[in-house]
Amino acid sequence: MSTTKTIAEATYEIASMLEALPDWEERFSAIMSMGKGLAPYPEEFRRDDFLIKGCQAQVWLFPRLVDGRIHFEADSDALIVKGLVAIVVQIMQDRTPQEILAAPKDIPEQLGLAQHLSQNRASGLSSMLKQIRLYAVALSMRTPS
Amino acid sequence: MHLTQPSAPLLDIAAIRTEFPILQRMVHGNKPLVYLDNAATTQKPTVVIDSISEFYRQHNANAHRAGHVLGAEVTSMYERAREVVAESIGARADEVVFTRGTTESLNLLATSIGARLGPRLAEGNIVLTEMEHHANIVPWQMLRERSGVEIRVIPLTDDGALDMGRASQLIDASTLVVSCVQVSNTLGTENDVSTLCQWAHAVGAISIVDAAQSVSSMAIDVQQIGCDALVFSGHKVYGPMGIGCAFIRRELLSDLPPYQGGGSMITNVSFDKTTYADGPMRFEAGTPNIEGAVGLCTALQWRNALDLRDVQSYKKMLTDELVAGLRLRSGVHVHGAHHGHSGIVSFSIDGVHPQDVGIMLDTHGVAVRTGHHCTMPLMKRIAPQGTVRVSAAVYTSHDEIAQFFHALDRVMKVLL
Ligand SMILES: Cc1ncc(COP(=O)(O)O)c(C=O)c1O
């Protein structure tokens, strides 16, 4: 379970896995494989209101509150972006809104991805994280702190 | 598909390449840069880079203001740049307005022409094409919001050419402006702009040509084209960013109200009444981008020293090589069939998002552009997810095209 690790630990684990790979072709291949591991996205939520703005590809992110923790479903029509959203989801999955809001803001840098993805796509990554924080704020109103 | 036989090289590409320092760069550690994003911006030769640095080391002053020696030097450098732009496109120096680039030139034209036409707009129409860059769409839509002018769009045929039959119907007695791209930045199609200009004139409309993509390799003569205005950006013709120009035919220029107000564009200012300068200065409020004009001047001189017919035949060869190589690969679709000598080729791969192709090519040091290329209406029709666009320049080598295909094959293996 991802919740047994802290956000910092989960981030570090993925960052180390990526860093150990010899080059960026391999890293992006690994990122794409992570995308393939995402649970199938529920078709009823493939709607524009669950699209994340600020990405070149389409990215859907759907949150659900389960026992005070947020469970995300995600998908994208591009493989690398789907991998990126899978990474973000893996780090943030099944955490309380408070945990998510306390997470560091430099996760793209910690993952070693900010430097390699151009602003356009890195900002895709930041848009995903921003959207997760927005959901956490919205859902925190429905959970006892 | 018939492949062009590589003929004896007319241009010494290896020598030209040594003039562009950035082409020696390695990226991602140890990979030679293969720069195939020239439609977005071209690289700069050493002479251009040096002219800008020389400007600041030796001359820097404001133009048209200071009476001292540096001011005089800079004023003459700035005005010399205007002459070189004019010579390069068959215009007169007093018909050349410096701007930030194509985008600002088109905003200037839409705003000033809009102000000049005033109430006629409500009854009239402006004719654009389906392949325009957003820079030649949005300023006219902003004018439509202010005035209610109708915007008509010349559609494309399925192979990516303008439907000239439709164009001849759309341009009619109520047409006020016809504004069209000369070479499409997405499809590479070269349009018959002189025929469109003729049709525009026949109905008394103003004709505008967006030459952003053509100026780097085509000889441009505004008299031959017969346009009232023609615009381009310095950075797409080996020059610096933040400088560009608008050729505006003298009769039109002297008839248009100013675009922005400020210093330099006036003859006299009082709080009761201000009179505007004549000529291009009327459209150049404030301190202009003088270093940019100097760099653009050098870039155009560099371009003019090449035989543009040789540049075109070389770029035609590169373009044919790209199109033929892409068509050989199964699952790859080339958009449009009129690439000419543009060097611009857009393609899609079945079942693959263009962004993935772009990111993976980059890991091999190959720089291309993916997305909608600021031509969303066109993309909606040909490829809603966007395309991958490769664009070659005069310094692109056959070897680089081979490296691109080598990288593409690897990328397709990983992605498919
Ligand atoms: C055909 C065309 N028009 C206009 C523009 C806008 O040029 P700029 O961004 O330099 O103003 C471009 C640049 O991409 C272009 O290719």
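Residues numbered from 1 in each chain as written. Chains lettered and ligands numbered in written order. Predicted model: local features only at pLDDT ≥ 70, side-chain atom pairs only at ≥ 80, totals over all residues. Heavy atoms only, no water.

**Topic: helix α11 (residues 308-328) of chain B**
Taking 1.5 Å of rise per residue, the 21 residues of α11(B) would be expected to cover 30 Å, and the 30 Å separating its terminal C-alpha atoms lies within 8% of that figure. For α11(B), the side-chain oxygen to backbone nitrogen distance between the N-cap and Arg309(B) is 2.9 Å, and the N-cap itself is Asp307(B). (Helix = DSSP H or I, 4+ residues; strand = E, 2+ residues; numbered from the N terminus. Expected span 1.5 Å × (residues − 1). Polar contact = N/O pair within 3.5 Å; in protein donor to acceptor, adjacent residues only side chain to side chain.)

**As for the sheet that holds strand β14 (residues 344-349) of chain B**
For sheets, the rule is that strands pair by backbone hydrogen bonds, running either parallel or antiparallel. Residues and elements named next belong to chain B. Ordered by their spatial adjacency, four strands build an open sheet running β13-β14-β17-β16, and the pairing between neighbours is antiparallel. Edge positions in the open sheet fall to β13 (332-334) and β16 (369-371), since each of these has one partner strand only. Here the average twist between neighbouring strands, direction ignored, is 30°. Here four bridges tie β14 to strand β17 (residues 387-391), and the two strands are oriented antiparallel to one another. Note on β17: the bridge partner recorded for Ile344 is Ser391. Packed on one face of the sheet, helix α14 (residues 398-415) meets β13, β14 and β17 and runs near 15° to β14. (Pairing = 2+ DSSP bridges. Axes fitted to C-alpha atoms, helices over the stretch in contact; angles between N-to-C directions. Contact = heavy atoms within 4.5 Å.)

**Let's talk about the side chain of His373(B)**
Residues and elements named next belong to chain B. Relative to the helices and strands, His373 is located in the loop between β16 and α13 (376-382). The class for His373 is buried, based on a relative accessible area of 1%. Not counting the four nearest positions on each side in its chain, His373 is found in contact with His133, Asn185, Thr186, Ser346, Met379, Thr387 and Arg389. (Buried < 20%, exposed > 50% of the residue type's maximum accessible area, 1.4 Å probe, protein only.)

**Brief notes about the pairing of strand β7 (residues 175-181) of chain B**
Residues and elements named next belong to chain B. Along β7, seven of the seven residues are buried, which leaves the element largely enclosed by surrounding structure. Bridging between β7 and strand β8 (residues 206-210) involves five bridges; their strand directions are parallel. The partner of Val177 across the bridge, within β8, is Ile206.

**Focus on helix α2 (residues 24-36) of chain A**
With 13 residues, α2(A) should cover 18 Å at 1.5 Å per step; its first-to-last C-alpha distance of 18 Å lies within 8% of that length. Within the sequence span of α2(A), burial applies to Trp24(A), Glu25(A), Arg27(A), Phe28(A), Ala30(A), Ile31(A), Met32(A), Met34(A) and Gly35(A). Contacts made by the buried residues of α2(A) are with α1 (7-19) and α3 (79-92) of chain A together with α12 (354-363) and α14 of chain B. Two to three positions downstream of the cap, the backbone nitrogen of Glu25(A) sits 3.2 Å from a side-chain oxygen, assigning the N-cap of α2(A) to Asp23(A).

**Observations regarding the domain arrangement of chain B**
All names here are of chain B. When cut into domains, chain B gives domain 1 (13-44 + 307-415) and domain 2 (49-304). Centre-to-centre, using C-alpha coordinates, domain 1 lies 28 Å away from domain 2. The interface is formed by 36 residues belonging to domain 1 together with 34 residues belonging to domain 2. Of the roughly 2800 Å² buried between domain 1 and domain 2 on both sides combined, carbon and sulfur atoms contribute 56%. When residues of domain 1 are sorted by the area they lose upon contact with domain 2, Leu308, His338 and Arg381 head the list and together hold 22% of the total. Across the contact surface, domain 1 and domain 2 share two salt bridges. One salt bridge connects Asp158 with Arg381, and the closest N-O pair in it is separated by 2.9 Å. Linking domain 1 with domain 2 are 25 residue pairs in polar contact (both at pLDDT 80 or more). At six residues, the largest contribution of residues to the side of domain 1 that touches domain 2 is made by α13. Of the residues in the side of domain 1 that touches domain 2, the class split is 17 nonpolar, 14 polar and five charged. (Domains from an automatic or database assignment. Buried area = accessible area lost by both parts, 1.4 Å probe. Salt bridge = Lys/Arg side-chain N within 4 Å of Asp/Glu carboxyl O. Nonpolar A, V, L, I, M, F, W, Y, C, P; charged D, E, K, R; others polar.)

**Brief notes about unusual backbone geometry**
Glycine aside, the phi torsion of most residues is negative, and most peptide linkages are trans. All names here are of chain A. A positive phi is found at Asp67, a non-glycine position, where the angle reads about 50°. Residue position: Asp67 is located in the loop between β1 (59-66) and β2 (69-76). Under the relative-accessibility criterion, Asp67 is labelled exposed at 75%. For Asp94, which is not a glycine, the phi torsion comes out positive at approximately 55°. Its location among the elements puts Asp94 in the loop between α3 and α4 (97-101). By relative accessible area, which is 16% here, Asp94 ends up buried.

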